[in-house]
There are 2 protein chains.
Amino acid sequence: MSDAGFEAALAAARDGLAEGGIPIGAAILRGGEVIAVGHNERVQSGDPIAHGEMAALRAAGRQRTYRDTVLYTTLAPCAMCSGTIIQFKIPRVVVGEARTFPGEIELLRSRGVEVEVLDDSRCVEMMRDFQRERPALWAEDIGE
Amino acid sequence: MSDAGFEAALAAARDGLAEGGIPIGAAILRGGEVIAVGHNERVQSGDPIAHGEMAALRAAGRQRTYRDTVLYTTLAPCAMCSGTIIQFKIPRVVVGEARTFPGEIELLRSRGVEVEVLDDSRCVEMMRDFQRERPALWAEDIGE
């Protein structure tokens, strides 16, 4: 397995952080190639549905199928992003970490999505720093 | 209960149809007032995540909370839109119809969302016509 997808997702998250945004990034791969990346855009564009995964799917544009794709994301997908993965029939998701936010990994697995959690320390530290520094923004992003 | 939300959602769906798009609309209400509307934008803007509910949420912009809102939609919410309703903690959803697409109403209810299905014949006819006339576009929109 290539790490290209994970590195692209992590780079997207860092780009978002550098813009003053929420540091969560995602990448969509087909045949081992990155076809789209995205990061959370709540701060940058005021768009509450633009989580990293959603921004990457938007960037990918219309697709005939997602059954041959893999979604990488730096953080466990929330219910919105998990529902989207299920609806779009993305078969495999690689998650940077699920320590700082548990997401809906069990929902994904219960619907047949293969989920791998890398437990990457760079992702954990990035989110821990962000959650400590911007607790209100983080709460808003997850609907708390 | 006011019908303002349902009428706004239906009008949005018809606007989308008039633009050559997929005729599904949504409205978000707070205190009985429509604060945002949206319709599916897959055709119009090439955005696969812009289902009616998602477009309305994007139009509403950043919100501190959704716990005092009601979401109206002309068609049963798919897994993406249902996951979003769950994540954003929208407590109540009014659905125009669930005959032409079952959506994820049971998932919503299992997570504590109150769902009312109106079974409105205008919504059913609009979707039946669309599904008959544009089967490939409809399949694409629901990830089939």
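Just above sits the structure.
Cut-offs applied
- Residues numbered from 1 in each chain as written.
- Chains lettered and ligands numbered in written order.
- Predicted model: local features only at pLDDT ≥ 70, side-chain atom pairs only at ≥ 80, totals over all residues.
- Heavy atoms only, no water.
- Contact = heavy atoms within 4.5 Å.
- Buried area = accessible area lost by both parts, 1.4 Å probe.
- Salt bridge = Lys/Arg side-chain N within 4 Å of Asp/Glu carboxyl O.
- Pairing = 2+ DSSP bridges.
- Helix = DSSP H or I, 4+ residues; strand = E, 2+ residues; numbered from the N terminus.
- Axes fitted to C-alpha atoms, helices over the stretch in contact; angles between N-to-C directions.
- Buried < 20%, exposed > 50% of the residue type's maximum accessible area, 1.4 Å probe, protein only.
- Least-squares fit on C-alpha atoms with pLDDT ≥ 70 in both.

Trainee: Please explain the interface of chain B and chain A as it appears in this structure.
Mentor: Put simply, an interface is often sized by how much accessible area is lost when its parts join up. Every contact between the two is made by 32 residues of chain B and, on the other side, 32 residues of chain A. For the pair chain B and chain A, the two sides together bury roughly 2,700 Å², of which 54% comes from carbon and sulfur. Summed over the three residues of chain B that lose the most area to chain A, namely Ile49, Arg62 and Gln87 of chain B, the buried surface amounts to 25% of that side. Where chain B touches chain A, the interface holds eight salt bridges.

Trainee: I'm lost on the sheet that holds strand S1 (residues 25–30) of chain B in this one. Help?
Mentor: Strand-to-strand pairing in sheets goes through backbone hydrogen bonds, with the strands running parallel or antiparallel. Residue and element names in this part refer to chain B. Pairing is mixed across the open sheet formed by five strands, whose spatial order is S2-S1-S3-S4-S5. Edge strands, defined here as strands with exactly one partner in the open sheet, are strand S2 (33–39) and strand S5 (114–117). Across this sheet, the average inter-strand angle for adjacent strands is 20°, counted without regard to direction. In the sheet, S1 pairs with strand S3 (residues 69–75) via five bridges, with the strands oriented antiparallel. Looking at the pairing, leucine 29 lines up with valine 70 of S3. Where helix H3 (residues 52–60) meets the sheet, its contacts fall on S1, S2 and S3, and the angle it forms with S2 comes to roughly 130°.

Trainee: I'm lost on the environment of glutamate 33 of chain B in this one. Help?
Mentor: All names here are of chain B. Within the element layout of this structure, glutamate 33 appears in strand S2. For glutamate 33, a relative accessible area of 58% gives the class exposed. Along the sequence, glutamate 33 and glycine 5 sit 28 residues apart, while their C-alpha atoms lie 7.8 Å from each other.

Trainee: Where do I start with the relation of the copies chain B and chain A in this structure?
Mentor: What relates the two chain copies is a rotation about an axis together with a slide along it. Turning chain B through 180° and shifting it by 0.0 Å along the axis lays it on chain A, with an RMSD of 0.0 Å. Put plainly, the chains are arranged around a two-fold axis. In terms of proximity to the rotation axis, the leading residue of chain B is glycine 83 of chain B, whose C-alpha is 2.3 Å off the axis. In this assembly, 100% of the residues forming the interface of chain B have copies in chain A that are likewise at the interface, indicating an isologous arrangement.

Trainee: What am I meant to see in the side chain of glutamine 131 of chain A here?
Mentor: Secondary-structure assignment places glutamine 131 of chain A in helix H6 (residues 121–133). The contact partners of glutamine 131 of chain A, leaving out residues within four places of it in the chain, are Thr100 and Trp138 of chain A.

Trainee: Help me understand the pattern of salt bridges in this model?
Mentor: A full pass over the atoms with the stated rule returns 34 salt bridges over all chains. Here glutamate 7 of chain A ties to arginine 122 of chain A by a salt bridge, and the two come within 3.6 Å at their closest N and O atoms. Of this pair, glutamate 7 of chain A sits in helix H1 (residues 4–18) while arginine 122 of chain A is found in helix H6, placing the two residues 115 residues apart along the sequence. Overall, the relative accessible area of 38% leaves glutamate 7 of chain A in the partly exposed class. You can call arginine 122 of chain A partly exposed: its relative accessible area is 34%. Between glutamate 41 of chain A and arginine 58 of chain A there is a salt bridge; the shortest N-O distance is 3.9 Å. Of this pair, glutamate 41 of chain A sits in the loop between strand S2 (33–39) and helix H2 (42–45) while arginine 58 of chain A sits in helix H3 (residues 52–60), placing them 17 residues apart in sequence. Taking relative accessible area as the criterion, arginine 58 of chain A reaches 23% and is therefore assigned partly exposed. Look at the salt bridges and you will find they share partners, linking Glu41, Asp47 and Arg58 of chain A together with Glu41, Asp47 and Arg58 of chain B into a network.

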